[in-house]
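Examining the three-dimensional arrangement
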Amino acid sequence: MNSTITKQDLLKIDPLALTRQLVEIDSTTYCEGAACDFLAEFLEGRGWAVEKMSVPQADEGCDGPRWNVYAGPAEGSPELVFSTHIDTVPPYIPFREDEEFLYGRGVCDAKGIIAAQTAAADALRAMGFRIGLLFVSGEERDSAGAKVANEHPKGSRFLINGEPTDNRLALSSNGALRVAVRASGVMAHSAYPELGDSAIHKLVQALDKILDVELPVTEGVGPSTLNIGKIHGGHAPNVIADKAEAHILTRLVGPSEPIRKAFQEAVGELAEVDFTLDIPFVRLRGMQGLPTMIAKFTTDIPWLTKWGEPLLLGPGSIHVAHTPNERIAKKEILEAVELYVQVAKNLLA
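Residues numbered from 1 in each chain as written. Predicted model: local features only at pLDDT ≥ 70, side-chain atom pairs only at ≥ 80, totals over all residues. Heavy atoms only, no water.

For the coordinates displayed, the defined rule picks out 17 salt bridges. Two residues, Glu257 and Arg260, come together in a salt bridge whose shortest N-O distance is 3.8 Å. Placement of the pair is Glu257 and Arg260 together in helix H7 (residues 257–267), with a separation of 3 residues, close to one helical turn. Salt bridges linked by common partners bring Arg46, Asp122 and Arg125 together as one network. (Salt bridge = Lys/Arg side-chain N within 4 Å of Asp/Glu carboxyl O. Helix = DSSP H or I, 4+ residues; strand = E, 2+ residues; numbered from the N terminus.)

What follows is the structure, given as structure tokens:
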């Protein structure tokens, strides 16, 4: 095995050009098909054995097929797999660049990561390491692709998942508890409120009580957080509302059960509480000599338990992901290629 490699070898795949090609393809969640096909063709052209795993589609504006893309050795199992997601949040933002940065939807979350991982995997394969690549659909909504992938593991010992961590190893990743709070009432003319029962009034009271819940804090990680992200209900200002609902996302730094119980007790009879998504908090390993961080966001790692011991690492800042000014420094992508190679070699030594 040739464990040495030059800078020129690392860049046999140009990760900046590959990032641009990927960002120029709109792959908003449920619409990943074209980007999946591009990646599969690109990797086949590099001599990888490629497999497409069908991911169920949803009625969300795209009706074409979507996939996970796995690339690995033609025979046998990979020892280590790099993974991240193909899909992006809406809306689509076209690619552009200047001397220092690349811009556009998904450029840091996570298409620049796909490009850096692909370049690193190609270099590691040239050194004789058994490496795989797993790029999944649906991470930004419900991790549908990761759940499919976990039904088809390849026997890898390690999984390096990619999210924007500023090229620092994450020591933990917050979980997510998605909550729907639904209130019901009786419709009536607003001039005669005694004839009705306002669902909106009940919902507002329920949300006020939820906001008063003391959320858990984990030492060395930080507090759980809560965001009421969506509210709707009612018909008109002069109509007593018969229905209203809100959707909440709580970021977990421990088990979800205490928060579930606290929310239900707080709401009482005012509304119904439905827990629609529960992704666990996970602790992750560091590596001597490498900078670390705490990831307050959620990843696919909890759904990829059969792909080996997980690590979380990637270029880019989560602070600009999902924003109109999403960007990533060109230098950071290039540094990520070398960092991925370094971490993989340390794990497989």
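Taken as a whole and judged by the stated rule, the model has 4 aromatic pairs. On the numbers, 5.3 Å between centres and 70° between planes, the contact of Phe82 with Tyr340 is edge-to-face. Of this pair, Phe82 sits in strand E3 (residues 80–85) while Tyr340 is found in helix H8 (residues 330–348), placing the two residues 258 residues apart along the sequence. Tyr340 carries the same exposure label as Phe82, and that label is buried. Positioned above the aromatic ring of Tyr70 is the side chain of Lys154, whose terminal nitrogen or guanidinium carbon lies 5.2 Å from the ring centre. (Phe/Tyr/Trp six-rings, centres within 6.5 Å; stacked < 30°, edge-to-face > 60°. Buried < 20%, exposed > 50% of the residue type's maximum accessible area, 1.4 Å probe, protein only. Lys NZ or Arg CZ within 6 Å of the ring centre and 35° of its normal.)

Note on placement: Thr118 falls in helix H4 (residues 107–127). At 2.8 Å, the side chain of Thr118 and the backbone oxygen of Ile114 are in polar contact. Not counting residues up to four positions away in its chain, the partners in contact with Thr118 are Ile13, Leu18, Phe42, Leu43, Leu133 and Phe135. (Polar contact = N/O pair within 3.5 Å; in protein donor to acceptor, adjacent residues only side chain to side chain. Contact = heavy atoms within 4.5 Å.)

This part is about the packing of helix H2 (residues 15–23) against H4. With their axes 8 Å apart at the nearest point, H2 and H4 run at an angle of 135° to one another. Judged by the inter-axis angle, H2 sits oblique to H4. Remark: the crossing between H2 and H4 carries right-handed chirality. Facing Pro15, Leu18, Thr19, Leu22 and Val23 of H2, the residues of H4 in contact are Val107, Lys111, Gly112, Ile114, Ala115, Ala116, Thr118 and Ala119. Considering only residue class, the contact of H2 with H4 consists of 9 nonpolar, 3 polar and 1 charged. (Axes fitted to C-alpha atoms, helices over the stretch in contact; angles between N-to-C directions. Parallel < 35°, antiparallel > 145°, perpendicular 65-115°, else oblique. Left-handed = near helix turned anticlockwise from the far one by under 90°. Nonpolar A, V, L, I, M, F, W, Y, C, P; charged D, E, K, R; others polar.)

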